[in-house]
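Listed below, chain by chain, are the residues.
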Amino acid sequence: MSLDELVSRQAGIVSRAQVIGLGMSPRTITRRLASGAWKQLHRSVYLVGGHRVTDEVRVRAAWLWAGGEPAVVTGPAAAWWQPAHPRRVDSGLTAP
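Residues numbered from 1 in each chain as written. Predicted model: local features only at pLDDT ≥ 70, side-chain atom pairs only at ≥ 80, totals over all residues. Heavy atoms only, no water.

Scanning the chain from terminus to terminus reveals four helices and three strands. Secondary structure elements in the chain, listed N-terminal to C-terminal, are α-β-α-α-β-β-α. The proportion of buried residues among the 96 residues of the chain is 30%. The long-range fraction of contacts in the chain, counting pairs at least 24 apart against all pairs at least 6 apart in sequence, stands at 40%. A total accessible area of about 6500 Å² is found for the chain, and carbon and sulfur atoms account for 54% of it. (Helix = DSSP H or I, 4+ residues; strand = E, 2+ residues; numbered from the N terminus. Buried < 20%, exposed > 50% of the residue type's maximum accessible area, 1.4 Å probe, protein only. Contact = heavy atoms within 4.5 Å. Areas by Shrake-Rupley, 256 points an atom, 1.4 Å probe, with all protein chains shown as cover.)

What follows is the structure, given as structure tokens:
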């Protein structure tokens, strides 16, 4: 898989481990972050330039931050993956 294919498949979200697995150097990642070409959303999870932060991006970023494939999205955020997903993703947390 290429970086472009990964970015497309994941709505613009990539993890550090994924891009290093594709052959990108840590130095290149650092340069892309420093230049603003990528934005860090969580530790080791990045939004590639040209992509907007959407509900899908928020759910995918949290999933990647939690470990990707072995991780599971639950609760209201999991509803996003259903065919008739809600218009808005809510964390389920309420303010005191």
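To continue, consider helix α4 (residues 55-65). Taken residue by residue, α4 has D55, V57, V59, R60, A61, W63 and L64 as its buried positions. Buried residues along α4 sit against α1 (3-9), β1 (13-15), α2 (16-21), β2 (38-42) and β3 (45-48).

Turning to the pattern of salt bridges, a few remarks are in order. Taken as a whole and assessed by the stated rule, the structure comprises two salt bridges. For R58, the salt bridge goes to D55, with nearest N and O atoms at 3.1 Å. Taken as a pair, R58 and D55 lie in helix α4 at a separation of three residues, close to a single helical turn. Judged by relative accessible area, D55 falls into the buried class, the value being 17%. (Salt bridge = Lys/Arg side-chain N within 4 Å of Asp/Glu carboxyl O.)

This part is about the layout of surface pockets. Taken as a whole, the largest pocket encloses approximately 170 Å³ of empty space. If you trace the largest pocket, you find 10 residues lining it, with R58, V59, A62, W63 and A77 closest to the centre. Among the residues making up the lining of the largest pocket, the classes are represented as nine nonpolar, no polar and one charged. (1 Å grid on protein atoms, 1.4 Å probe; cavity = no way out; pocket = protein on both sides within 12 Å on 5 of 7 lines; lining within 4 Å. Points joined across faces, edges and corners; volume = space filled by probe spheres on them. Nonpolar A, V, L, I, M, F, W, Y, C, P; charged D, E, K, R; others polar.)

It is worth spelling out the sheet that holds β3 at this point. Across the sheet, three strands lie side by side as β1-β3-β2; this open sheet has antiparallel pairing. Each edge of the open sheet carries a strand with a single partner, namely β1 and β2. The sheet shows a mean angle of 35° between the axes of neighbouring strands, direction not considered. Bridging between β1 and β3 involves three bridges; their strand directions are antiparallel. Each bridged residue has a counterpart across the sheet, and for S15 the counterpart in β3 is V45. Running over the sheet, helix α3 (residues 26-35) touches β2 and β3 and is turned about 100° from β2. (Pairing = 2+ DSSP bridges. Axes fitted to C-alpha atoms, helices over the stretch in contact; angles between N-to-C directions.)

This part covers the side chain of Q10. Positionally, Q10 belongs in the loop between α1 and β1. In terms of polar contacts, Q10 uses its side chain to reach the side chain of Q18, at 2.9 Å. (Polar contact = N/O pair within 3.5 Å; in protein donor to acceptor, adjacent residues only side chain to side chain.)

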